[in-house]
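Letter by letter, the chains look like this.
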Amino acid sequence: MTYEYRQVHFPNNNSWYRELVYLEDELIGEIRESTESTYKRKIYQVCEYAPLEIVDGTVDIAVVTTAFGSVSDCKDFINSGGIAPIKAPN
């Protein structure tokens, strides 16, 4: 499995770190800096997108899987199979 990482910004233009995770061109999760992160103690969360059924269909929500002190630790976790696509129930 080959993961691709694309750095993006939060919609509200805050300065927290965020990177989207793709597997075979499918968006499956993200790495993001926690709001509890500080200058001296950085916290990066690995989130995977999970389907949530609503009246009009299905939306993806980000579910925090784990957290690390560096982006490279997050990527090591993901690259070793830490997250995978979650399909909506049929």
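Our subject is the structure that appears above.
Quick caveat, the model's predicted, so the values are computed rather than measured. (Residues numbered from 1 in each chain as written. Predicted model: local features only at pLDDT ≥ 70, side-chain atom pairs only at ≥ 80, totals over all residues. Heavy atoms only, no water.)

Asker: Explain unusual backbone geometry to me, using residue names and the numbers behind them.
Answerer: At Glu24, a residue that is not glycine, the phi angle is positive and equals roughly 50°. With respect to the helices and strands, the residue Glu24 is situated in the loop between strand 2 (18-23) and strand 3 (26-33). Looking at Glu24, the relative accessible area reads 65%, which means it is exposed. At Asp25, a residue that is not glycine, the phi angle is positive and equals roughly 65°. Take Asp25: it is sitting in the loop between strand 2 and strand 3. Among the residues examined, Asp25 registers a relative accessible area of 65% and is labelled exposed. (Helix = DSSP H or I, 4+ residues; strand = E, 2+ residues; numbered from the N terminus. Buried < 20%, exposed > 50% of the residue type's maximum accessible area, 1.4 Å probe, protein only.)

Asker: A description of the sheet that holds strand 2 should follow, citing residues and the corresponding values.
Answerer: Here we have 5 strands laid out as an open sheet, ordered 1-2-3-4-5, and antiparallel in their pairing. Only two strands of the sheet have a single partner each, and these edge strands are strand 1 (3-7) and strand 5 (57-68). Across this sheet, the average inter-strand angle for adjacent strands is 30°, counted without regard to direction. The pairing of strand 1 with strand 2 spans 5 bridges and is classified as antiparallel. (Pairing = 2+ DSSP bridges. Axes fitted to C-alpha atoms, helices over the stretch in contact; angles between N-to-C directions.)

Asker: I'd like to hear about helix 1 (residues 71-82), residue by residue, with values.
Answerer: With 12 residues, helix 1 should cover 16 Å at 1.5 Å per step; its first-to-last C-alpha distance of 14 Å lies more than 12% under that length. Among the residues of helix 1, those classed as buried are Val71, Cys74 and Ile78. For helix 1, the buried positions fall inside an angular range of 60° around the axis, keeping them on one side. Along helix 1, the residues that are exposed and aim more than 90 degrees away from the buried face are Asp76 and Ser80. (Expected span 1.5 Å × (residues − 1). Arc of directions from axis to C-beta.)

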